Amino acid sequence: MEFARRPLMAGNWKMYKTQAQAVAYAQTFAPLVAGVGDRDILLCAPFTDLTVLVGAAAGTNVKVGAQNMHYAPEGAFTGEVSAAMLLEVGVEAVILGHSERRQYFAENDTELAQKVRVALDSGLLPVLCCGETDEERVAGHTEDKIGRQIDRDLAVLKPDELARLAIAYEPIWAIGTGKTATAEAAQETVAFVRSRVREAFGATADDVRVLYGGSVKAANIDELMAQPDIDGVLVGGASLDPAEFARIVRFGAA
């Protein structure tokens, strides 16, 4: 997968689609985005779908990612998978720190810093999520919350590694709610994310791709992608429909 601020259009299927459904999706979706060569296309699927989805996407411009991984290479971690296991089935990227993982499975920044380190060392693209709740937004704590997540989760990185990382700003209040930050508000927070990275790493912050996620759909993708600091999107529900996600991938004149 290529880096350096190429748009990254990523879908997160969450806990949807059986293997048969995943294959059928790929067979429908791949022709709809064939020939799109100026952006990266990524489908992040449940663990059980990964092998068949990699096979179904072979020879296309569609890449496959996982939705989580453990930082340990192996061990007594029931229900988890390692970076090596993902690589073995042909996965190229992994979502880390999604708000649902943080909220429902108690993932913390200490663990996520380890996961980011292992993903990079393994050659996987980490898509690190950050975001605030509605209560935090209303109280004016958006930058405090996101800044703290970025500082802790990227603490073990070197400046020259930023091009191999993507950060997804996902306002928790906009995930699966139908609420969407305006394009201007999304741009403002994404720009803050980049500025926070710049404080820690200097000018190489311009190499990291910063995505927006939160009720992204075909109806708002062109406006979102017109913003100067938004380098792509991490799409939840709308990525479950191949035609809808293809329209998102093909934003603008593509």
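Residues numbered from 1 in each chain as written. Predicted model: local features only at pLDDT ≥ 70, side-chain atom pairs only at ≥ 80, totals over all residues. Heavy atoms only, no water.

## Some details on the packing of helix 1 (residues 19-33) against helix 10 (residues 242-249)
Step number 1: Taken N-terminus to C-terminus, the directions of helix 1 and helix 10 make an angle of 30°; their axes are 9 Å apart at the nearest point. As far as their axial angle goes, helix 10 and helix 1 are roughly parallel. Both helix 1 and helix 10 take part in a crossing whose hand is right-handed. Of the residues in helix 10, those touching helix 1 at Tyr25, Thr28, Phe29, Leu32 and Val33 are Pro242, Ala243, Phe245, Ala246 and Val249.
Step number 2: Its residues assigned to classes, the contact of helix 1 with helix 10 shows nine nonpolar, one polar and no charged. (Axes fitted to C-alpha atoms, helices over the stretch in contact; angles between N-to-C directions. Helix = DSSP H or I, 4+ residues; strand = E, 2+ residues; numbered from the N terminus. Parallel < 35°, antiparallel > 145°, perpendicular 65-115°, else oblique. Left-handed = near helix turned anticlockwise from the far one by under 90°. Contact = heavy atoms within 4.5 Å. Nonpolar A, V, L, I, M, F, W, Y, C, P; charged D, E, K, R; others polar.)

## Focus: the side chain of glutamate 132
Step number 1: One can find glutamate 132 in the loop between strand 5 (125-130) and helix 6 (134-138).
Step number 2: Buried charge without a salt bridge: glutamate 132, with arginine 137 as the nearest opposite-charge side chain at an N-O distance of 5.2 Å.
Step number 3: At 3.2 Å, the side chain of glutamate 132 and the side chain of threonine 142 are in polar contact.
Step number 4: When near neighbours in sequence (up to four residues on either side) are disregarded, glutamate 132 contacts Arg137, Thr142, Lys145, Ile146, Tyr169, Glu170, Pro171, Ile172 and Trp173. (Buried < 20%, exposed > 50% of the residue type's maximum accessible area, 1.4 Å probe, protein only. Lys, Arg positive; Asp, Glu negative; His and termini not counted. Salt bridge = Lys/Arg side-chain N within 4 Å of Asp/Glu carboxyl O. Polar contact = N/O pair within 3.5 Å; in protein donor to acceptor, adjacent residues only side chain to side chain.)

## Some thoughts on helix 5 (residues 109-122)
Step number 1: If you check helix 5, its first and last C-alpha atoms are 20 Å apart, about what 14 residues at 1.5 Å a residue would give, namely 20 Å.
Step number 2: With a side-chain oxygen positioned 3.1 Å from the backbone nitrogen of threonine 110, the residue opening helix 5 is asparagine 108.
Step number 3: Positive phi shows up at glycine 123, right after helix 5, with a value of about 90°. (Expected span 1.5 Å × (residues − 1).)

## Some remarks on helix 7 (residues 142-153)
Step number 1: With twelve residues, helix 7 ought to run about 16 Å at 1.5 Å a step, and its terminal C-alpha atoms sit 17 Å apart, in line with that.
Step number 2: Restricting attention to buried positions, one finds in helix 7 the residues Thr142, Lys145, Ile146, Gly147, Gln149, Ile150 and Asp153.
Step number 3: Packed against the buried residues of helix 7 are helix 4 (99-105), helix 5, strand 5, helix 6, strand 6 (166-169) and helix 8 (183-201).

## So, the packing of helix 1 against helix 2 (residues 50-57)
Step number 1: In the contact formed by helix 1 and helix 2, the axes pass within 9 Å of each other and the chain directions differ by 20°. In terms of their interaxial angle, helix 1 and helix 2 are classed as roughly parallel. You can see that helix 1 and helix 2 cross each other, and the crossing is right-handed. Here helix 1 contributes Gln19, Ala22, Val23 and Ala26 to the contact with helix 2, which in turn contributes Val52, Leu53 and Ala56.
Step number 2: For the contact of helix 1 with helix 2, the class distribution of residues is six nonpolar, one polar and no charged.

## Digging into the pairing of strand 1 (residues 8-12)
Step number 1: Of all five residues making up strand 1, five are buried, and the element is well covered by its neighbours.
Step number 2: The alternating pattern of strand 1 places Leu8, Ala10 and Asn12 and Met9 and Gly11 on opposite faces, both of which are buried.
Step number 3: Looking at chain direction, strand 1 and strand 2 (residues 40-44) are connected through five bridges and run parallel. Note that in strand 2 the partner of glycine 11 across the bridge is leucine 43.
Step number 4: Crossover connection from strand 1 via helix 1 to parallel strand 2: handedness right-handed.
Step number 5: Across four bridges, the pairing between strand 1 and strand 8 (residues 232-235) is parallel. Its bridge partner lying in strand 8, methionine 9 is registered against valine 233. (Pairing = 2+ DSSP bridges. Right-handed = clockwise from strand over helix to strand, strands pointing away.)

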